[in-house]
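Report on the structure
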Amino acid sequence: MHPRKVYFAFVLLIEFGFAFVSRTYGPYLETIGLTPAQVTLCNYAFFLAILLCEIPTGFFADRYGRVRSIQIGTTLMASSGLLYMTASGFRTAFAYEFL
């Protein structure tokens, strides 16, 4: 399969996953005891982490290659998703957002 098709299939799956998670994210955080304000702070932490990691990720991809960068990013996303299932309150949910 052509690498471009593999990449687009990968992006499609990631975006589908984000669409699913975005609908279940708030209710999940509320079931572990977060208030709506704390859910908003967790969202803030997530987007702040994206902002802070964009430039270093680009440098890493330039130095080691795009494929390696995607592999490491996917591994980190899967790990953080598994860790997020163990979140028991605001502090752990907030911390896992940075992964």
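First things first, this report covers the structure right here in the doc. Since we're looking at a predicted model, the values are computed, not measured.

1. Remarks on the side chain of Glu97
Along the polypeptide, Glu97 turns up in helix H4 (residues 90-97). Buried and unpaired, Glu97 has Arg91 as its nearest opposite-charge partner, separated by 15 Å. In terms of polar contacts, Glu97 uses its side chain to reach the side chain of Tyr84, at 2.6 Å. Look past the residues within four positions of Glu97 in its chain and what remains in contact with it is Tyr25, Cys42, Ala45, Phe46, Ala49 and Tyr84.

2. Digging into the packing of helix H3 (residues 66-84) against H4
Between H3 and H4, the least distance of the axes is 10 Å, while the angle of their chain directions is 175°. The angle between the axes of H3 and H4 places the two elements in the roughly antiparallel class. For the pair H3 and H4, the contacting residues are Ser80, Leu83 and Tyr84 in the first and Ala93, Tyr96 and Glu97 in the second. Each residue belonging to the contact of H3 with H4 can be placed in one class, and the counts come to four nonpolar, one polar and one charged.

3. Topic: the environment of Phe10
The topology assignment puts Phe10 in helix H1 (residues 3-31). Linking Phe10 and Ser69, residues 59 residues apart in sequence, is a C-alpha distance of 14 Å. Once residues lying within four places of it in the same chain are set aside, the contact partners of Phe10 are Ile70 and Thr74.

4. Focus on the side chain of Ser80
Within the fold, Ser80 resides in helix H3. Among all residues touching Ser80, those that are not within four sequence positions of it are Tyr96 and Leu99.

5. So, the packing of H1 against H3
Two elements in contact, H1 and H3, have axes separated by 13 Å at closest approach and are oriented at 20°. Between H1 and H3, the angle falls in the class roughly parallel. Judged by the sense of rotation from one axis to the other, the crossing of H1 with H3 is left-handed. Along the contact surface, H1 presents Tyr7, Phe10, Ile14, Phe18, Tyr25, Tyr28 and Leu29, while H3 presents Ile70, Thr74, Met77 and Tyr84. Counted by class, the contact of H1 with H3 contains ten nonpolar, one polar and no charged residues.

Definitions and cut-offs
- Residues numbered from 1 in each chain as written.
- Predicted model: local features only at pLDDT ≥ 70, side-chain atom pairs only at ≥ 80, totals over all residues.
- Heavy atoms only, no water.
- Helix = DSSP H or I, 4+ residues; strand = E, 2+ residues; numbered from the N terminus.
- Buried < 20%, exposed > 50% of the residue type's maximum accessible area, 1.4 Å probe, protein only.
- Lys, Arg positive; Asp, Glu negative; His and termini not counted.
- Salt bridge = Lys/Arg side-chain N within 4 Å of Asp/Glu carboxyl O.
- Polar contact = N/O pair within 3.5 Å; in protein donor to acceptor, adjacent residues only side chain to side chain.
- Contact = heavy atoms within 4.5 Å.
- Axes fitted to C-alpha atoms, helices over the stretch in contact; angles between N-to-C directions.
- Parallel < 35°, antiparallel > 145°, perpendicular 65-115°, else oblique.
- Nonpolar A, V, L, I, M, F, W, Y, C, P; charged D, E, K, R; others polar.
- Left-handed = near helix turned anticlockwise from the far one by under 90°.

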